[in-house]
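Each chain is listed here by its residues.
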Amino acid sequence: MSTPAERAPDPRTPSGSPSVPNTPSGSASGKRIAFTALLAAVALIFSYVEVLIPLPVGIPGVKLGIANLVVLIALYEYGMKPALAVNLIRILVAGLLFTGLFGAVYSLAGAALSLLVMALLKRTGLFSVVGVSMAGGVAHNIGQLLVAAALISDLRIFLYLPVLMFSGLVSGILIGFLCWYVLRALAPALRHINTDIKA
């Protein structure tokens, strides 16, 4: 006669392998990673477009910064960590592909200061997305200028500060309004994605 232990149901699957429990959190984590990579790819494309079509102003460091649009959307819709990840991936890959080491260093300094300022201002709840973007554009150019001053050890480079602050202000306004429009136009889709990656 068989014992109760022998009659107990086999906890293994028919194929003989242990059953794997369903892990929704793991699936959500994978979706977040995939969506962050997608945003980083879009930001990288925008960075490449700016390299191909620079602004004809003749002043180093002056650009529209359309890649910041993706970072701003990530910050407002998904939080600080995804925005930081998008920035880091974009800068590192762009440095390897077309901006080079120094370009990556300048971009990293500007992006870090810009994202920090934008995140702090957003947290206060006192500024619109346009105001946050304006401050981010100015902070980005200041960050790059600080790195340039440290590398060349010449404070005269700060003579560019008024021009870079003005250009950061203008680009911040443009990117801010564009971000506001995108967030408004794609609100249902973004909410659906946000819900999906948290499911």
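Anything mentioned here points back to the structure above.
Residues numbered from 1 in each chain as written. Predicted model: local features only at pLDDT ≥ 70, side-chain atom pairs only at ≥ 80, totals over all residues. Heavy atoms only, no water.

**Observations regarding the overall build of the protein**
- Of regular secondary structure, the protein possesses seven helices and zero strands.
- For the protein, the N- to C-terminal ordering of α and β elements is α-α-α-α-α-α-α.
- Here the protein holds 199 residues, and 35% of them are scored as buried.
- Considering only contacts in the protein between residues 6 or more positions apart, those separated by 24 or more positions represent 71%.
- When the accessible area of the protein is evaluated, it comes to approximately 12,000 Å², of which 72% is carbon and sulfur surface. (Helix = DSSP H or I, 4+ residues; strand = E, 2+ residues; numbered from the N terminus. Buried < 20%, exposed > 50% of the residue type's maximum accessible area, 1.4 Å probe, protein only. Contact = heavy atoms within 4.5 Å. Areas by Shrake-Rupley, 256 points an atom, 1.4 Å probe, with all protein chains shown as cover.)

**Some details on the side chain of Asn68**
- With respect to the element layout, Asn68 can be found in helix H3 (residues 67-78).
- Classification of Asn68 as buried rests on a relative accessible area of 18%.
- Residues contacting Asn68, with those up to four places away along its chain left out, are Ser114, Met118 and Ile175.

**Details of the packing of helix H5 (residues 129-152) against helix H6 (residues 161-185)**
- At a minimum axis separation of 7 Å, H5 and H6 run at an interaxial angle of 145 degrees. Considering how the two elements wind past one another, H5 and H6 form a crossing that is right-handed. (Axes fitted to C-alpha atoms, helices over the stretch in contact; angles between N-to-C directions. Left-handed = near helix turned anticlockwise from the far one by under 90°.)

**Notes on the side chain of Ser47**
- One can find Ser47 in helix H2 (residues 24-52).
- Every residue in contact with Ser47, bar those within four places of it in the chain, is listed here: Ala67, Arg90 and Phe98.

**Quick word on the nonpolar core**
- Judged by nonpolar contacts, the single largest core of 27 residues is most densely connected at Leu39, Leu72, Val86 and Cys179.
- Only H2, H3, helix H4 (80-124), H5 and H6 provide two or more residues apiece to this core.
- Sort the elements by how many residues they give to this core and H3 lands first, with nine residues.
- Those residues within four positions of Cys179 in sequence are excluded, and the remaining contacts are Leu69, Leu72, Ile73 and Val129. (Core = buried A, V, L, I, M, F, W, Y, C linked by side-chain atoms within 4.5 Å.)

**Focus: unusual backbone geometry**
- Non-glycine residue Ser153 carries a positive phi angle of around 50 degrees.
- As for its placement among the helices and strands, Ser153 is situated in the loop between H5 and H6.

**Re a nonpolar patch on the surface**
- Residues Ile45, Tyr48, Val49, Val51, Leu52 and Ile53 make up a contiguous nonpolar surface patch of roughly 560 Å² in combined accessible area.
- When you line up the elements, Val49 lands in helix H2. (Patch = residues over 30% accessible without salt bridge, like charges linked within 9 Å, V, L, I, M, F, W, Y side chains within 5 Å. Salt bridge = Lys/Arg side-chain N within 4 Å of Asp/Glu carboxyl O.)

**Structural notes on the packing of aromatic side chains**
- Tallied over the entire structure, the rule returns two aromatic pairs.
- Relative to Tyr78, the ring of Phe35 lies with its centre 5.2 Å away and its plane at 75 degrees, an arrangement referred to as edge-to-face. Taken together, the residues Phe35 in helix H2 and Tyr78 in helix H3 connect sequence positions 43 residues apart. With respect to burial, Phe35 and Tyr78 carry one shared label: buried.
- Seen in terms of ring centroids, Tyr48 and Phe98 are 5.0 Å apart; in terms of plane orientation they differ by 45 degrees. Their pairing is tilted. With a gap of 50 residues between them, Tyr48 in helix H2 and Phe98 in helix H4 connect regions that are remote in the sequence.
- By relative accessible area, Tyr48 is classed as partly exposed at 39%.
- Across the ring face of Tyr76, the terminal group of Lys122 is positioned such that the distance to the ring centre comes to 5.3 Å. (Phe/Tyr/Trp six-rings, centres within 6.5 Å; stacked < 30°, edge-to-face > 60°. Lys NZ or Arg CZ within 6 Å of the ring centre and 35° of its normal.)

**A few points about H3**
- For H3, spanning 12 residues, the distance from its first C-alpha to its last is 17 Å, which sits close to the expected 16 Å at 1.5 Å a residue.
- Burial of H3 is extensive: 10 of the 12 residues sit out of reach of the surface.
- Of all the residues in H3, the buried ones are Ala67, Asn68, Leu69, Val70, Val71, Leu72, Ile73, Ala74, Leu75 and Tyr78. (Expected span 1.5 Å × (residues − 1).)

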